[in-house]
Amino acid sequence: MHPKIRNSKGERLDTVVEGSNTHLSVILVHGFGTSKDENGKLFIDISKALAPKARVIRFDFSGYGQSEGRQEDVDLDKMADDLAAIITWVRAEYGGRIVILAHSMGSLVTRYLAPDTIEKIIFTGVTLPDAKAHAASTIARLQSRPGGEFHEDGISLYPRKDGTIQKIGPTYWKVLRRVDPVGL
């Protein structure tokens, strides 16, 4: 099944639902600048492994993969809104138990949203727990790559290993610097 779930901005999030029709749904939350398949098709492999026991939901954050929206408009608030839309849809469509498996930036988004109706949350490839440190690390990483450009109030360019250029808008940095997802 390949539904298009709308976020609060009306953008359609590209979603794939795989696996058995059980009372357990596992939502896979991808990292920064990737898609519902995750780097190296990690989420495809995880979905195949879980499908005999659970319903698996993979989705693209707005601005990534096949979802509507622009990369340069993505920030932690918008990503949390996308995840909330997916959780709400899964709960309404299927009910039952929900587990989240979040990778990399998806872990930070999930911690930030802190959904309280989720049975279990599994973090893999976790980002730095301090959002300000995470921002500094990301800036250093993008500036270390040929063609990488950081612009605090404009569009930053992040060359990815697959040859694509990810565009990061100014709200991404502003939101990261104001949040404390762990509450320290």
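Thresholds, definitions, all that
Residues numbered from 1 in each chain as written. Predicted model: local features only at pLDDT ≥ 70, side-chain atom pairs only at ≥ 80, totals over all residues. Heavy atoms only, no water. Helix = DSSP H or I, 4+ residues; strand = E, 2+ residues; numbered from the N terminus. Buried < 20%, exposed > 50% of the residue type's maximum accessible area, 1.4 Å probe, protein only. Contact = heavy atoms within 4.5 Å. Areas by Shrake-Rupley, 256 points an atom, 1.4 Å probe, with all protein chains shown as cover. Lys, Arg positive; Asp, Glu negative; His and termini not counted. Charge placed at Lys NZ, Arg CZ, Asp CG, Glu CD. Pairing = 2+ DSSP bridges. Axes fitted to C-alpha atoms, helices over the stretch in contact; angles between N-to-C directions. Left-handed = near helix turned anticlockwise from the far one by under 90°. Nonpolar A, V, L, I, M, F, W, Y, C, P; charged D, E, K, R; others polar. Core = buried A, V, L, I, M, F, W, Y, C linked by side-chain atoms within 4.5 Å.

J.: Quick question: what am I supposed to make of the overall build of the chain here?
T.: On a plain count of helices and strands, the chain comes out with 5 helices and 8 strands. Each helix and strand of the chain, ordered N terminal to C terminal, gives the series β-β-β-α-β-α-β-α-β-α-β-β-α. A burial count over the chain gives 50% of its 184 residues as buried. Put simply, 59% of the contacts in the chain that link residues at least 6 apart link residues at least 24 apart. Only carbon and sulfur atoms are counted for the fraction: they give 54% of the accessible area of the chain, which is about 8500 Å². Treating the 25 positive side-chain charges of the chain as one cloud and the 23 negative ones as another, the clouds have centres 3 Å apart.

J.: When you look at the side chain of Thr 110 in this model, what are you seeing that I'm missing?
T.: As for its placement among the helices and strands, Thr 110 is situated in helix α3 (residues 105–113). Accessibility expressed as a relative area gives 1% for Thr 110, which makes it buried. Sequence-distant contacts of Thr 110, defined by excluding residues within four places in its chain, comprise Val 29, Leu 83, Ile 100, Ala 102, Pro 115, Ile 121 and Phe 123.

J.: I'm lost on the sheet that holds strand β4 (residues 55–59) in this one. Help?
T.: In sheet architecture, strand pairing relies on hydrogen bonds along the backbone and comes in two forms, parallel and antiparallel. Spatial strand order, β1-β2-β4-β3-β5-β6: 6 strands in an open sheet with mixed pairing. Of all strands in the sheet, those bounded by a partner on one side alone are β1 (4–6) and β6 (120–124). Neighbour to neighbour, the strand axes of the sheet diverge by 25° on average, direction disregarded. Examined bridge by bridge, strand β3 (residues 24–29) and β4 share 4 bridges and lie parallel to one another. If you follow Ser 25 over to β4, its bridge partner there is Arg 55. Along the sheet, helix α2 (residues 76–94) contacts β1, β2 (12–19), β3, β4 and β5 (97–103); its crossing angle with β3, the most-contacted strand, is approximately 165°. Across the sheet, α3 lies against β3, β5 and β6, angled at about 135° from β5, the strand it touches most.

J.: Hey, could you run me through the packing of helix α4 (residues 131–144) against helix α5 (residues 170–178) in this one?
T.: Packed helix pairs are specified by the crossing angle of their axes together with the interaxial distance, meaning the distance between the axes. One can describe the packing of α4 onto α5 by two numbers: an axis separation of 7 Å at closest approach and a directional angle of 145°. The crossing of α4 and α5 is left-handed. The segment α4 lies against α5, with Ala 131, Lys 132, His 134, Ala 135, Thr 138, Ile 139 and Leu 142 engaging Tyr 172, Trp 173, Leu 176 and Arg 177. Looking at the contact of α4 with α5 residue by residue, the classes come out as 7 nonpolar, 2 polar and 2 charged.

J.: What's the story with α3 in this structure? I'm lost.
T.: It helps to recall that an α-helix has 3.6 residues per turn; residues three or four apart then point in one direction. When you tally the buried positions in α3, you get 7 out of 9 residues, the bulk of the element. Those residues of α3 that sit buried are Met 105, Gly 106, Ser 107, Leu 108, Val 109, Thr 110 and Arg 111. Where α3 is buried, its residues touch β3, α2, β5, β6, α4 and α5. Backbone geometry just after α3 places Ala 114 at a positive phi near 50°.

J.: When you look at the environment of Phe 150 in this model, what are you seeing that I'm missing?
T.: Residue position: Phe 150 is located in the loop between α4 and β7 (156–159). For Phe 150, a relative accessible area of 22% gives the class partly exposed. Distance from Phe 150 to Ile 86, taken between C-alpha atoms, is 31 Å for residues 64 residues apart in sequence. Discounting residues that sit within four places of it in the chain, Phe 150 has contacts with Ile 139, Leu 142, Gln 143, Ser 156, Trp 173 and Arg 177.

J.: Help me out: how do you make sense of the nonpolar core in this one?
T.: In summary, soluble globular proteins display a tendency toward joint burial of nonpolar side chains. Ile 27, Val 29, Leu 76, Ile 86, Val 90, Met 105 and Val 109 are the most contacted members of the largest nonpolar core, which has 38 residues in total. Within the residue set of this core, elements represented by two or more residues are β2, β3, β4, α2, β5, α3, α4 and α5. By residue number, the principal contributor to this core is α2, which donates 9 residues. Filtering out sequence-adjacent residues up to four positions away, Val 109 remains in contact with Phe 61, Leu 76, Met 79, Ala 80 and Leu 83. If you look at the next biggest cluster of nonpolar residues, it comprises 9 residues, including Leu 24, Leu 28, Ala 54 and Val 99.

Bear in mind that shape data such as this cannot, by itself, settle questions of function.
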